[in-house]
Amino acid sequence: MTELEIVCRRAPDGTGWVCDVSVDIDGGTRTEHQVTVAGADLARLDPKARDPHVLVDRSFHFLLEREPNTSILRSFDLMAIARYFPEFEATIKTAS
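Reference entry: report on the structure contained in this document.

The rules behind the values
- Residues numbered from 1 in each chain as written.
- Predicted model: local features only at pLDDT ≥ 70, side-chain atom pairs only at ≥ 80, totals over all residues.
- Heavy atoms only, no water.
- Salt bridge = Lys/Arg side-chain N within 4 Å of Asp/Glu carboxyl O.
- Helix = DSSP H or I, 4+ residues; strand = E, 2+ residues; numbered from the N terminus.
- Buried < 20%, exposed > 50% of the residue type's maximum accessible area, 1.4 Å probe, protein only.
- Disulfide = S-S within 2.5 Å.
- Expected span 1.5 Å × (residues − 1).
- Pairing = 2+ DSSP bridges.

**A look at the pattern of salt bridges**
Pairing between side chains of opposite charge can happen when their charged atoms approach one another. Following the criterion strictly, the structure yields 10 salt bridges and no others. The partner of arginine 44 in a salt bridge is glutamate 89, with the nearest N and O atoms 2.7 Å apart. Of this pair, arginine 44 sits in helix α1 (residues 39–45) while glutamate 89 sits in helix α4 (residues 88–95); the two residues are 45 residues apart in sequence, bridging distant segments of the chain. Note on arginine 44: relative accessible area 35%, which makes it partly exposed. Relative accessible area serves as the criterion here: at 22%, glutamate 89 is assigned to the partly exposed category. Here glutamate 87 ties to arginine 66 by a salt bridge, and the two come within 3.0 Å at their closest N and O atoms. Highlighted residues: glutamate 87 in the loop between α3 (80–84) and α4 and arginine 66 in the loop between α2 (53–64) and β4 (75–77), separated in sequence by 21 residues. Several salt bridges converge on common partners, so that one network encompasses Glu5, Asp24, Arg30 and Glu32.

In structure tokens form, the structure reads like this:
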């Protein structure tokens, strides 16, 4: 079983969010990640959301379907996922 803990806070510059994500895989390795989410990306990918918590959760489930948690970058901008997985944006928009 995979457990995600996500805590998001406004970025210091006020233009987006910084989310701390812990991924705990039952019987596996716990990893920690920091993800930045620009306000414009949240508005485009999940227009009704007031904060990126659900978007980040869906994004990590997307990643975990494709790679182990130990392969996920420790710190990245949310849209970096699309550079590695071109289907990311379309998949995430469909899920919202």
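Here the narrative resumes, following the displayed structure.
**Let's talk about the state of the cysteines**
In this structure the tally under the stated criterion is 1 disulfide. What pairs with cysteine 8 in a disulfide is cysteine 19, and their sulfur atoms sit 2.2 Å apart. Judged by the torsion about the S-S bond (110 degrees), the cysteine 8/cysteine 19 disulfide is right-handed. Here cysteine 8 is found in strand β1 (residues 2–10), whereas its partner cysteine 19 is found in strand β2 (residues 16–25), with 11 residues between them in sequence. Here cysteine 19 falls in the buried class, since its relative accessible area comes to 0%.

**Quick look at α2**
For α2, with 12 residues, the first-to-last C-alpha span of 17 Å sits near the 16 Å given by 1.5 Å per residue. Listing the buried residues of α2 in full gives Leu55, Val56, Arg58, Ser59, Phe60, Phe62 and Leu63.

**Some remarks on the pairing of strand β3 (residues 30–38)**
In β3, alternate side chains face the same way, and those of Thr31, His33, Val35 and Val37 are buried while those of Arg30, Glu32, Gln34, Thr36 and Ala38 on the opposite face are not. Bridging between β2 and β3 involves 9 bridges; their strand directions are antiparallel. Across the sheet, the residue bridging to cysteine 19 is valine 35, located in β3. The turn joining β2 and β3, which pair antiparallel and follow one another in sequence, is formed by 4 residues; a positive phi near 80 degrees is taken by glycine 27.

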